[in-house]
Amino acid sequence: MNLNAIKAIYFFEMARTRRTLMQSIASPVLSTSLYFIVFGSAIGSRIQEVNGVSYGSFIVPGLVMLSLLTESISNASFGIYFPKFTGTIYEILSAPVSSMEAVIGFVGAAATKSLILGSIMLATASMFVEIKIAHPFLMVFFLILTCVSFSLFGFIIGIWADNFEKLQVIPMLVITPLVFLGGSFYSANMLPPFWQTVTLFNPILYLVSGFRWSFYEIGDVSLEISLTMISLFLISCLCVVAWMFKTGYHIKK
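What this report covers is the structure whose coordinates are included nearby. Numbers given to residues run from 1 along each chain, matching the order in which its sequence is written. Given that this is a predicted model, residues contribute local features only at a pLDDT of at least 70 and side-chain atom pairs are listed and counted only at 80 or more, while totals for whole chains, interfaces and linings are drawn from all residues. Think of the side-chain values as coming from all heavy atoms in the structure, minus any hydrogens and water.

1. Some remarks on the side chain of serine 214
Piece 1. Helix and strand definitions here come from DSSP, where helices need a minimum of 4 consecutive H or I residues and strands a minimum of 2 consecutive E residues; each element is numbered from the N-terminal end. By the element assignment, serine 214 lies in helix 10 (residues 203-216).
Piece 2. Residue contacts for serine 214: discarding those within four places in its chain leaves Ile133, Ala134, His135, Leu138 and Met139. It only takes one pair of heavy atoms within 4.5 Å for two residues to be counted as in contact.

2. Brief notes about the packing of helix 7 (residues 136-160) against helix 8 (residues 164-180)
Piece 1. Note on geometry: axes are lines fitted to C-alpha atoms, helical ones only across the stretch in contact, with angles between N-to-C directions running from 0 to 180 degrees. Orientation of helix 7 relative to helix 8, taken along the N-to-C sense of each, is 135 degrees, at an axis distance of 8 Å. Comparing the axis directions of helix 7 and helix 8 gives the class oblique. When helix 7 is examined against helix 8, the residues Phe150, Phe153, Ile157, Gly158 and Trp160 are found in contact with a partner set consisting of Lys166, Leu167, Ile170 and Ile175.
Piece 2. In this count, Pro and Cys sit with the nonpolar residues alongside Ala, Val, Leu, Ile, Met, Phe, Trp and Tyr, while Asp, Glu, Lys and Arg are called charged and the others, Gly among them, polar. Its residues assigned to classes, the contact of helix 7 with helix 8 shows 7 nonpolar, 1 polar and 1 charged. Each angle is binned into one of four classes, with values under 35 degrees roughly parallel, values over 145 roughly antiparallel, values of 65 to 115 roughly perpendicular, and all other values oblique.

3. Some points on the nonpolar core
Piece 1. Core analysis: the largest hydrophobic core is formed by 61 residues, its most contacted members being Ile59, Val60, Phe150, Phe153, Phe155, Ile175 and Phe211.
Piece 2. With 13 residues, the single largest contributor to this core is helix 7.
Piece 3. For phenylalanine 150, the contacting residues outside a window of four places in its chain are Leu69, Ser72, Ile73, Ile175, Ile204, Leu207, Ile230 and Phe233. Nonpolar core, defined: a set of buried Ala, Val, Leu, Ile, Met, Phe, Trp, Tyr and Cys residues in which side-chain atoms within 4.5 Å join the residues together. With a 1.4 Å probe rolled over the protein chains alone, any residue whose accessible area is under 20% of its type maximum counts as buried; one over 50% counts as exposed, and the rest are partly exposed.

4. Points about the environment of isoleucine 116
Piece 1. If you trace the backbone, isoleucine 116 turns up in helix 6 (residues 99-125).
Piece 2. Residue isoleucine 116 is classed as partly exposed on the basis of its relative accessible area of 39%.
Piece 3. Separated by 91 residues in sequence, isoleucine 116 and isoleucine 25 place their C-alpha atoms 8.7 Å apart.

5. Here's the deal with unusual backbone geometry
Piece 1. In the Ramachandran plot, glutamate 217 falls in the positive-phi region, its phi being about 60 degrees despite a non-glycine side chain.
Piece 2. Overall, the relative accessible area of 45% leaves glutamate 217 in the partly exposed class.

6. Here's the deal with the pattern of salt bridges
When charged atoms on two side chains of opposite charge get close, those side chains can pair.
Piece 1. By salt bridge we mean one thing: a side-chain nitrogen of Lys or Arg within 4 Å of a carboxyl oxygen of Asp or Glu. In total, this model carries 2 salt bridges according to the counting rule given.
Piece 2. Notably, a salt bridge pairs lysine 113 with glutamate 13, separated by 3.9 Å at the nearest N-O pair. Highlighted residues: lysine 113 in helix 6 and glutamate 13 in helix 1 (residues 3-19), separated in sequence by 100 residues. Across this residue pair, the class does not change: lysine 113 and glutamate 13 are buried.
Piece 3. Taking the shortest distance from any N to any O, the salt bridge between lysine 166 and aspartate 162 comes out at 3.3 Å.

Below, the structure is given as structure tokens:
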């Protein structure tokens, strides 16, 4: 494995984050703070507790997941799309760099950015509400698994997209609504039976539920099911990325 190639791609992408610090870090943190002010004050004054947890603390895992998913996808998709847009992708393809090394470099950098952002957001949330993390190692594991999985998903979007509009379609019109409807700000058990069943078809529900369980040991589905679903999603993304590089889909054409 060419570690120098991985390091070159990884540190180049991390340097891009430093150049766009306001967009990469400050903007998501500000948005999260506004969510706490609006939801914590407006709704929290009417909903005191959810499953024995104060509403402000209850929504922390959902807010973190909301930002992690969108930022992981955004970082990874832009990271691979710009080399395609500028033509520098051919330098990578002609260099002694395997597809696996390129994926590790791009996805690793995007996942690292999201992990840093998630840590900052948790620190920011602790300024507004009291946070209890019952299983810190499981929480970190969920963070890493989520960041890597959705960075891979963002990488797929970046290869698939052939214009800037397509980069925003799935994150804005698919991912964000699914997060809002996936129990980020409420428990699925609060819904009528029919909508509880419908919510089970939302893949984001399993992410939010498992992540919330690591905090408060409460969730809408069991921890085992949550881990199984995110693992299946990760494997699916790996298979799609492997197929894209093997066929040259939107890379060599």
